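What follows is each chain in one-letter form.
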There are 2 protein chains.
Amino acid sequence: MTLRTTIDFLLNDWLDTTALTERARFADHSRETFDAVLETCERIAREKYAPFNRLADTQEPHFDGEKVILPQATHDAQKAYAESGMLSAAQDYEMGGMQLPYSVEAAANAFFACASVSIGTGMLTTGNANLLMVHGTDMQKEVFAKNEFSGRWSGTMCLSEPQAGSSLSDVATKAVPDGADFANDPLGPRYRLKGNKMWISSGEHEINENIIHLVLAKIPDADGKLVPGTRGISLFIVPKKMVNTQGALTGVRNDVALAGLNHKLGWRGTTNTLLNFGEGKFPVEGQAGAVGYLVGKPGKGLACMFHMMNEARIGVGIAATMLGMAGYYASLEYAKNRPQGRPITGSGKDAAAPQSRIIEHADVKRMLLAQKSYSEGALALELYCARLVDEHHTAGGAEAEEARLLLEVLTPIAKSWPSEWCLEANSLAIQVHGGYGYTRDFPVEQYWRDNRLNMIHEGTHGIQAMDLLGRKVLMEDGKGMALLANRMTATIHRTSGIPALAAHAKSLGRALQDVGAATQQAWSTGQPTEALANAVPYLQAFGHTVLAWIWLDVAACALDNDPKQEQLSTQGHVGCARFFFHYELPKIGAWLSVVQSRDLTCASFPEGAF
Amino acid sequence: MTLRTTIDFLLNDWLDTTALTERARFADHSRETFDAVLETCERIAREKYAPFNRLADTQEPHFDGEKVILPQATHDAQKAYAESGMLSAAQDYEMGGMQLPYSVEAAANAFFACASVSIGTGMLTTGNANLLMVHGTDMQKEVFAKNEFSGRWSGTMCLSEPQAGSSLSDVATKAVPDGADFANDPLGPRYRLKGNKMWISSGEHEINENIIHLVLAKIPDADGKLVPGTRGISLFIVPKKMVNTQGALTGVRNDVALAGLNHKLGWRGTTNTLLNFGEGKFPVEGQAGAVGYLVGKPGKGLACMFHMMNEARIGVGIAATMLGMAGYYASLEYAKNRPQGRPITGSGKDAAAPQSRIIEHADVKRMLLAQKSYSEGALALELYCARLVDEHHTAGGAEAEEARLLLEVLTPIAKSWPSEWCLEANSLAIQVHGGYGYTRDFPVEQYWRDNRLNMIHEGTHGIQAMDLLGRKVLMEDGKGMALLANRMTATIHRTSGIPALAAHAKSLGRALQDVGAATQQAWSTGQPTEALANAVPYLQAFGHTVLAWIWLDVAACALDNDPKQEQLSTQGHVGCARFFFHYELPKIGAWLSVVQSRDLTCASFPEGAF
């Protein structure tokens, strides 16, 4: 199946995405308009992204002393993307948007991630502008968000600092009011920022006219001290080049300077930077400090930022998923064409027979089926979550609330699961290629390198695990967790009478019970040190249980349409579900056992014994 | 613990290596001479290898049209290695060797793999010369082996071909007798070879004076046809430059030409080549065909080659292990020094407290302990196997025979287990570093790239799995498997009365039973297609069971010396064992379930449904 076929099945047959067109916001849309968006994106990805994926890897961004140089292909690709209107796809018509459901936007963006994840589409620009649409003033929307949506300017998110990667409470960038009338700037209360930001993607480049940084910083209290913890954090718009209220450049450079480019293992098409804010390299009006305009209320910066977190994390999940998919397609193609050895038959091997294609070997099939079940399963999960975003935004009432809660619980899985298992898929894609997979003549080694980032950025695996077991499954009296269990139970009920799925339904029921029991046992002493000591194994078990549910539900849908499994695609869906239930779901036992027993082997291991 | 401390414990406390000095071959040796070898190698590795590991990665070998250029550091390192005498460490005194036990040689070589795996030590040169010592004529030993052991020449193994990677039965390189008196050449029956060899490590370079290729090729039958299958394969010495019986270069270049360098994901310090034999670029005496001298009997080439296979596979296992260890040391160092966040306490977090070092976080400890248990466990396994090589060669009688059989069963694990799990260790080493681990400013990303090769070369994971379940556990009526079970049972008996280990002993007993039962059930229908459909999950379960046994045995030894666990090193060994039994061994359930049920989900998945 092609990526397009897979997406069509998931969006239409499984998620009934066109049902969204019954809502006022999407009333002008139809299956046809959705298809047109997918087609356009598929074409741009094929023409402008895929052919340059290796080039983006080998021609890493470099700084010539004045400018950061990227390959021309990256400029061209991002221009084509901006021209497609995808940057503002979800926005109102009045903002120049398409009022597209997020689930269709996410599916359309998947084509670019599959073609070349690191050339990039502008996920940060969209996220940045989306945030301003929610928390910004009208002027901030008009000047900053609008010019980002059009592709005239691009955007970044500046959270981490060299001494504070995952630990945002230790942000040390300072923002002080810029003069007595700081509150009266039409672009927003005006501050001067000083500090260093690390891991800033697209922090410096010449792809478009200006870069709009969204920066977390702390406003000192009356004594000039920074408030410890995350409560003291505020959010600021810091443009690379100063602009006026008309959105024109004023010709003044803001005091944001590139301190260094990070040289990465992969994902090399995207510049990653260390930025110095307010070090005095480009003083504005003769004064130190980068000019920044406050967004929202002081001290509420993290809340503003986290507003976009679910979508950003789904975005990372999709990137990881699409790298898995790209490796799957490449290794499937190779396996179909590469002759090597002979499959075992009942009577052994016949050395005089011609060589077979390697797809005829059982173990190669195992490696392909694992990749397919990881990456197609992950894609289904991501689109399911994307749909929840649409439900949260447009369903209204109790349904919207239910979607919000489900999203809270599922987001750590949507982010972490593909990061781990589609990376494993990429390793299998290399393995299918044998020695050739280890060379740079084939694309799979790059997918594997690119994908290794996803367990790190937008909250590491460890952070996702703490979020899930420490917060999400407990929040609002476990209501999100209960809602998820209800959905799983509904799928179990629906499938327990279908012969091809009944055994899986039973297994899922057991897994759900086991995860529930482990959650209880982890917290049974009420000690976070004990409950969270094995948060990552818990995340892994939870993720595998969610994916098993997704596969069961997807297979049920395929069988609804084709109960006799007459189509190969149905055999594919049912086979993937079977693979997942036979080969993958049983892994949760090992992960849950340490959670249940609140095993402190690691936590209590003496440092000196390492 | 340092690598040296770990090796000392395993060699002396656990394996009682000095007991070997009671045997005639090692009678001149003592703990002191063994220590001196380890010390020398540790020093050379520290001075000549470690500082240049990144350089070897960034200054990839390149061909300038005439020569393959490698960094000067690689020349210097290999020269220092040759001068240490390690190339002939295991050889007789008369050959200039040290008559060192293989287990000490393997341990000493581990330092180089840890410092820079791809600068390389000459494993292929030693393997090549060792093979000639067993199967070559006196003249071949004198001319070729001796000059390889001295480091004057280097050696390669030429097995794979572009159309025949894992499938040696499809070797198409031809060897025809070179003239009527071909049988009378003093260097061995003289043939002319024609064909292409792929994936040849160190196939071309200028590090030393000459390169001695050992080449698999087929001698056509009376009808000029190649015998299908592996039975038709013979083995030839093909020097890059022609030599005389005095071991002097004759000034004539042999017809072996570099067809291309492979550009790899990692392991870049080692040249990897495609070689053309006999394409006519360098005709010898005006005739086509590379000159090759037969080793051993015609048609017995693969048997000669496989004679060295156990040691070659242990060598790969050690390389994988040492990369895991290198990543562990790097991430441990980082975790001890990097401040970030605050550990959870019973009362939550105090944002105003200073940041902690990340080693204080439970999940970072988990990632470090996993790395430690993977890589130190793997090292123990490799040294155990190396000791079996010594027993096989020098114990004599039934003990030697037992060692041979155990080695047959354990070799697929020694090769595959570290390739998979020390790669996982390297991924965890990246994760401990967070974003920094994804940059090329830290060494861990290179370890991860370098290590990805080990699941591919010297027999892929799939090949090892077929070897284990298809051959090794069945051979000689399952005698090797039974011997291994006996050894495990002995460890279980020995530890079931020790409070800290009794529960582990019980778990190992159950795992051993489960693996035994799965072996039976896999073969219960006698159909190789069914038995071997899940050979890789079987290999994984078998490997984890072996490692659990190794850890139990190592921990028992540590407790023998220090029953009250007063030393940190004992706490480390016991903690690693505990980690392995709690977090790792339970994984075998999922792998064995598909083996036991002879699950055909993958094997029967229709190609069109992918």
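About the thresholds
Residues numbered from 1 in each chain as written. Chains lettered and ligands numbered in written order. Predicted model: local features only at pLDDT ≥ 70, side-chain atom pairs only at ≥ 80, totals over all residues. Heavy atoms only, no water. Helix = DSSP H or I, 4+ residues; strand = E, 2+ residues; numbered from the N terminus. Rg over C-alpha atoms; globule rule 2.2 N^0.38 Å. Buried < 20%, exposed > 50% of the residue type's maximum accessible area, 1.4 Å probe, protein only. Contact = heavy atoms within 4.5 Å. Buried area = accessible area lost by both parts, 1.4 Å probe. Salt bridge = Lys/Arg side-chain N within 4 Å of Asp/Glu carboxyl O. Polar contact = N/O pair within 3.5 Å; in protein donor to acceptor, adjacent residues only side chain to side chain. Nonpolar A, V, L, I, M, F, W, Y, C, P; charged D, E, K, R; others polar. Axes fitted to C-alpha atoms, helices over the stretch in contact; angles between N-to-C directions. Parallel < 35°, antiparallel > 145°, perpendicular 65-115°, else oblique. Left-handed = near helix turned anticlockwise from the far one by under 90°. Domains from an automatic or database assignment. Core = buried A, V, L, I, M, F, W, Y, C linked by side-chain atoms within 4.5 Å. Phe/Tyr/Trp six-rings, centres within 6.5 Å; stacked < 30°, edge-to-face > 60°.

Draft legend 1. Up close: the overall build of chain A. The number of helices and strands found in chain A is 19 helices and twelve strands. Against the compact-globule benchmark of 25 Å for 610 residues, chain A has a radius of gyration of 25 Å, which places it among compact chains. Dimensions of chain A along its principal axes, counting C-alpha atoms only, are 85 × 60 × 55 Å. Sorting the 610 residues of chain A into buried and exposed places 62% on the buried side. Sequence-distant contacts, at least 24 apart, represent 75% of the contacts inside chain A between residues at least 6 apart.

Draft legend 2. Focus on the interface of chain B and chain A. On the side of chain A, 98 residues touch chain B, which itself brings 98 residues to the contact. Summing both partners gives a buried area of about 8300 Å² for chain B against chain A, and 60% of it is carried by carbon and sulfur. Connecting chain B to chain A are six salt bridges. Between Asp170(B) and Arg342(A) there is a salt bridge whose closest N-O contact spans 2.6 Å. Run the count over chain B and chain A and you get 50 residue pairs in polar contact (both at pLDDT 80 or more). Ranked by residue count, the leading element in the side of chain B that touches chain A is helix H18 (residues 568-584) of chain B, at nine residues. The residue makeup of the side of chain B that touches chain A, split by class, is 45 nonpolar, 32 polar and 21 charged.

Draft legend 3. Representation of the packing of helix H2 (residues 31-49) of chain B against helix H5 (residues 102-116) of chain B in the model. All names here are of chain B. Between H2 and H5, whose axes approach to 9 Å, the crossing angle comes to 15°. The angle between H2 and H5 falls in the class roughly parallel. Judged by the twist between their axes, the crossing of H2 over H5 is right-handed. Residue-level contacts link Phe34, Val37, Leu38, Cys41, Glu42, Ile44, Ala45 and Tyr49 of H2 to Val104, Ala107, Ala108, Phe111, Phe112, Ala115 and Ser116 of H5.

Draft legend 4. Local environment of the domain arrangement of chain A. Taken domain by domain, chain A consists of domain 1 (1-121), domain 2 (153-298), domain 3 (321-450) and domain 4 (460-610). A C-alpha centroid distance of 39 Å is found between domain 2 of chain A and domain 3 of chain A.

Draft legend 5. Geometry of the nonpolar core. Phe542(A), Val546(A), Phe542(B) and Val546(B) are the most contacted members of the largest nonpolar core, which totals 299 residues. Beyond its immediate stretch of four places on either side in the chain, Val546(B) contacts Leu381(B), Leu410(B), Ile413(B), Leu484(B) and Met488(B).

Draft legend 6. Spatial organisation of the packing of aromatic side chains. Enumeration according to the criterion identifies 43 aromatic pairs over all chains in this entry. The interplanar angle of 75° and the centroid separation of 4.8 Å between the aromatic rings of Tyr436(A) and Trp199(B) together place this pair among those described as edge-to-face. One end of the pair, Tyr436(A), is in the loop between helix H11 (397-433) and helix H12 (444-451); the other, Trp199(B), is in strand E5 (residues 190-201), on a second chain. With a centroid separation of 4.7 Å and 10° between ring planes, the pair formed by Phe579(A) and Tyr583(A) is classed as stacked. Of the two residues, Phe579(A) and Tyr583(A) are both situated in helix H18 (residues 568-584); the distance of four residues between them amounts to about one turn of the helix. Accessibility classification places Phe579(A) together with Tyr583(A) in one group, the buried group. Cluster of aromatic residues (ring-pair linked, three or more members): Tyr374(A), Trp417(A), Trp421(A), Phe580(A) and Trp591(A).

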